[in-house]
Structure formats: C-alpha cells, structure tokens
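Here is what each chain is made of, one letter per residue.
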Amino acid sequence: MKALEIKKGVYWVGAIDWKLRNFHGYLTQRGSTYNAYLIIDDKITLVDTVKHYFFDEMLERIKDIVEPSKIDYIVSNHTEMDHSGCLPGMMGIAKNATLICSPNGEKGLKRHFKKDWNFKVVNTGDSINIGRRNLKFVCAPMVHWPDSMVTYIPEDKLLLSNDAFGQHIASEERFNDEIEWDIVKSESMKYYANIVLPYGAQVQDALKAVESLDIDMIAPSHGLIWRSGIKDIIEAYKKWSTNTCDEKAVIAYDTMWHTTEKMANAINDAFTAKGIKTALRSLQEYHISDVMADILESKYICIGSPTLNNGIMPTVASLLTYMKGLAPKNRIGIAFGSYGWGGQSVGEIEKAFEACKFQLPLKDLKLQYIPDEKELGELKQKIINAIP
Ligand code: FEO
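Residues numbered from 1 in each chain as written. Predicted model: local features only at pLDDT ≥ 70, side-chain atom pairs only at ≥ 80, totals over all residues. Heavy atoms only, no water.

1. Brief notes about the overall build of the protein chain
Line of reasoning, step 1. Counting its regular elements, the protein chain contains 12 helices and 21 strands.
Line of reasoning, step 2. Considered along the principal axes of its C-alpha atoms, the protein chain spans approximately 75 × 35 × 35 Å.
Line of reasoning, step 3. Counting over 388 residues, the protein chain shows a buried share of 58%.
Line of reasoning, step 4. Looking at the protein chain alone, contacts between residues at least 24 apart form 70% of all its contacts between residues at least 6 apart.
Line of reasoning, step 5. Of the roughly 16,200 Å² of accessible surface on the protein chain, 50% is carried by carbon and sulfur atoms. (Helix = DSSP H or I, 4+ residues; strand = E, 2+ residues; numbered from the N terminus. Buried < 20%, exposed > 50% of the residue type's maximum accessible area, 1.4 Å probe, protein only. Contact = heavy atoms within 4.5 Å. Areas by Shrake-Rupley, 256 points an atom, 1.4 Å probe, with all protein chains shown as cover.)

Below you can see the structure in the form of structure tokens.
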C-alpha cells in the first residue's frame, strides 16, 4: 500500500474505509477515510492515526516511507478513536516517541488507553521545531470534542485540520479537485450538519484563528484534501456556523393512511407557489442524517406525523430527537399531522420546535381522517398567508 506525498516530505498514510455505512447514526453512503499524515524532517512526525482495525493498512503506508520505529513525534489532534485508535500500536513501535496533544487531549487519552505515555501538552500559540519546519498548534475545543486541536505548518502553508472541513467519502482520489464539486460540496454539507452543527460559536472562534494563517492546503482527517476551493469551504463554514439560512423549506413526514402525506404535498405546493425551493422527504425513504443536510441551509422546517398511540410515529420521533441534539437555530417551524381521535402528534412536534427556539407562525395544523380537496386547499392557503 502506497503512501501519497501531498507536499514535499509530507505524506498521506491513512486508511480507506470503503464499507462504512454508519458513523454513530449518520448514514455514510460513500464510506469514509481516516487521514493520518507523516512528515519527514529532522524529527519524523506522525499526525493522527486511524481506526484500530486499519492499523496494518496505515503501518504499511508508513513503512513505504520510513521505518516506523524512527518516528520521534506523534501528534494527536483529537481523542476520538477514529483518529486515536492506533496510538497504542504506534507508541508500542515508536518506543521513544513523544505524544503531543492538547490539555484535554491528555486527559481524554489517559481515560481511553490507561497509558502513561511520554506526553507533551501544547496550547494555542505553542510551536515545536522539527527541523526545516515548525508545527504550530491551535486548540479548537468542541470542533469536535473538548480535546480537538489543529496543527499548522507555516513552511508548507499546510493546515492539518482534523475533523474540521472533512467529508465522509471513500475514494482512490485524495484531493478535492479530483472529484466532482457537487459531491464534495454535498458531503461537506452533510458532514457539517451531522457532526459540527451544534458547535457554531466554537467554529467561529476556530475560523478567526485559521483566517490569520497563510494556507494553500487544508488536510482534514476525513475525506478529501483541499488544495483548491479553500476560500469557498471557509466561507461555507462561516455561513453554516452562523445558522445563516436560504429561503428553502424542508418538509419531512411519515404517514399511515396517506393523509399526512397529502398535507405534506399541500404544504409543498404552498411553498412552490411562493417561489420557495423545497425538499419533500418521506421518512420512510429518507434517512434522518440526509434530512439534517437539507435542514442545514433551510429557513422553514416543516415536520408532520399522524397521531399514533397518543403520540408521534417513531420515524418522526427519531428525527426530532436527532435534530434537537444538533441544535439548528433561527428557523421557522411548521408542525402538521392527521389524526382519527386524540390528535396529539402536532403538539408533540411543536414542543420539539419550541425546544429548538424556532418561530411558530402557525399552530395546530391537523386534519381528521381523510381530508377533501377543500380542506387541503385551505391548508395550502394558510401556509401561503403565513410565509412573508
Ligand atoms: Fe473524526 Fe470526532 O472524530
């Protein structure tokens, strides 16, 4: 297995996870990669590792360049085990290596691995000379865990950004401009919506630090390496981290006897009539992690469920629980649903919207049993009237 030189003396030595389809609940249809980077300098440095079961794959790539026992430094930008899983193996081989991490990284790694490795704790602004290069560290707490940091190499204008700017894409290609932009963009959006969205304030802090750096390549720990479009992805992160939305509507629903579906279609027609783009998502067909990608840039979040056993359908409950955790802000919520008796579903969805602090311009949008064209027409008109 071959390493790939991404900058002179800097090699990608990660692993490709072609089979990954579930990343803690996030449907990863395209698989993923775990990107580790080897820097050949006076002090040989490995930045991050890979999931534990890809140890041999990473080791083969390192051996392609250097004898692994000669590694002097291992930088752990992030404790989560998709990047730290091979630390025990690597520290066992590179017995004299120093393990560099943030203060929370040291705490997290000790809790994970119960090893008293030779830690060197670094903070934002610290740097370590490895020969021709300096490694500069910027802590980026909560992008994605409290321990997260990024490593910057000014001599190479290279940012090793760990989870930030990643995408879950398994491919032979290593660079963003080797794959269609639409795929890279949509997977970057989905990744942000499902991994990074709750941490907007922290992303903005990290972006301020990154913007002061002279960068011509961003090498994240998942997916493709950005050697072009850097301004575009940074601008996208600014937009997403500030919950800046477009005039778009997501209409996500489940249905029992097609009444809630008819309501979803009427709501879809209302937005279309107002010239607003929609994403109509049956939760029987669309995964909640794909719906979150739709939610990322949409101002209007419409969610519908029939009443089932005095509550909502499990698919809708799943979306609401997931969405509340990911905490999108500054949205307008429209809850809707059908019922036979009881009719509690709409109230349940409205409660979830209130927990997200969404605006609710309409309340109690429910229809009993089978609606006729007049009732559906009235629903459509209510939505048209409520949209500014
Ligand atoms: Fe890719 Fe938060 O780990």
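2. As for the domain arrangement of the protein chain
Line of reasoning, step 1. Here the protein chain is partitioned into domain 1 (4-241) and domain 2 (246-386).
Line of reasoning, step 2. On a C-alpha basis, the centroid separation for the pair domain 1 and domain 2 is 38 Å.
Line of reasoning, step 3. Regarding the contact of domain 1 and domain 2, the summed buried area is about 1,200 Å², with carbon and sulfur atoms giving 58% of it.
Line of reasoning, step 4. Here Lys-239 makes a salt bridge to Glu-297, at a shortest N to O gap of 3.4 Å.
Line of reasoning, step 5. On inspection of domain 1 and its partner domain 2, the count reaches eight residue pairs in polar contact (both at pLDDT 80 or more).
Line of reasoning, step 6. Looking at the side of domain 1 that touches domain 2, the elements that each hand over two or more residues are strand E5 (26-27), helix H5 (181-196) and helix H7 (230-241).
Line of reasoning, step 7. For the side of domain 1 that touches domain 2, the leading source of residues is H5, giving five residues.
Line of reasoning, step 8. The residue inventory of the side of domain 1 that touches domain 2, partitioned by class, reads eight nonpolar, three polar and two charged. (Domains from an automatic or database assignment. Buried area = accessible area lost by both parts, 1.4 Å probe. Salt bridge = Lys/Arg side-chain N within 4 Å of Asp/Glu carboxyl O. Polar contact = N/O pair within 3.5 Å; in protein donor to acceptor, adjacent residues only side chain to side chain. Nonpolar A, V, L, I, M, F, W, Y, C, P; charged D, E, K, R; others polar.)

3. Concerning the environment of Ile-128
Line of reasoning, step 1. Its place among the elements puts Ile-128 in strand E12 (residues 127-129).
Line of reasoning, step 2. If we ignore the near neighbours within four places in the chain, the residues touching Ile-128 are Tyr-73, Ile-100, Lys-120, Val-122, Arg-133, Asn-134, Leu-135 and Phe-137.

4. Brief notes about the pattern of salt bridges
Line of reasoning, step 1. Applying the stated criterion across every chain yields a total of 24 salt bridges.
Line of reasoning, step 2. Notably, a salt bridge pairs Lys-208 with Asp-205, separated by 3.9 Å at the nearest N-O pair. You can see Lys-208 and its partner Asp-205 sitting in helix H6 (residues 200-211), three residues apart, about one turn around the helix.
Line of reasoning, step 3. Via salt bridges that share partners, Asp-41, Arg-132, Arg-133 and Asp-156 belong to a single interconnected network.

5. Some remarks on H7
Line of reasoning, step 1. Helix length check: H7, at 12 residues, gives a terminal C-alpha distance of 16 Å against a target of 16 Å (1.5 Å per residue), a fit within 8%.
Line of reasoning, step 2. Of the positions making up H7, those classed as buried are Ile-230, Ile-233, Ile-234, Ala-236, Tyr-237, Trp-240 and Ser-241. Seen from one end, H7 has its buried residues packed into an arc of 155°, which puts them on one side.
Line of reasoning, step 3. Asn-243 sits one or two positions beyond H7 and adopts a positive phi of about 50°. (Expected span 1.5 Å × (residues − 1). Arc of directions from axis to C-beta.)

6. Description of unusual backbone geometry
Line of reasoning, step 1. The phi dihedral of His-258 falls on the positive side, at around 75°, and the residue is not glycine.
Line of reasoning, step 2. By the secondary structure assignment, His-258 is in the loop between strand E17 (246-253) and helix H8 (259-273).
Line of reasoning, step 3. In this structure His-258 comes out as partly exposed when scored by relative accessible area, which is 45%.
Line of reasoning, step 4. Of note in this structure, Asn-310 is not a glycine but carries a positive phi near 65°.
Line of reasoning, step 5. Mapping Asn-310 onto the fold places it in the loop between strand E19 (298-304) and helix H10 (314-326).

7. Notes on the sheet that holds strand E10 (residues 98-101)
Line of reasoning, step 1. With respect to topology, seven strands assemble into an open sheet ordered E1-E2-E7-E8-E9-E10-E11, the strand pairing being mixed. The open sheet terminates on both sides in strands that have one partner only, identified here as strand E1 (4-7) and strand E11 (119-121). The average angle at which neighbouring strand axes cross in this sheet is 25°, direction not considered.
Line of reasoning, step 2. Pairing between strand E7 (residues 37-39) and strand E8 (residues 45-47): three bridges, direction antiparallel. Bridged to Leu-38 within E8 is Leu-46. (Pairing = 2+ DSSP bridges. Axes fitted to C-alpha atoms, helices over the stretch in contact; angles between N-to-C directions.)

8. Observations regarding the packing of H5 against helix H9 (residues 288-296)
Line of reasoning, step 1. The interhelical angle for the contact between H5 and H9, taken along N-to-C directions, is 100°, at an axis separation of 8 Å. By the criterion of interaxial angle, the relationship of H5 to H9 is roughly perpendicular. Contacts between H5 and H9 involve Met-189, Lys-190, Tyr-192, Ala-193 and Asn-194 from the first element and Ser-289, Asp-290, Met-292, Ala-293 and Leu-296 from the second.
Line of reasoning, step 2. A per-class count over the contact of H5 with H9 returns six nonpolar, two polar and two charged. (Parallel < 35°, antiparallel > 145°, perpendicular 65-115°, else oblique.)

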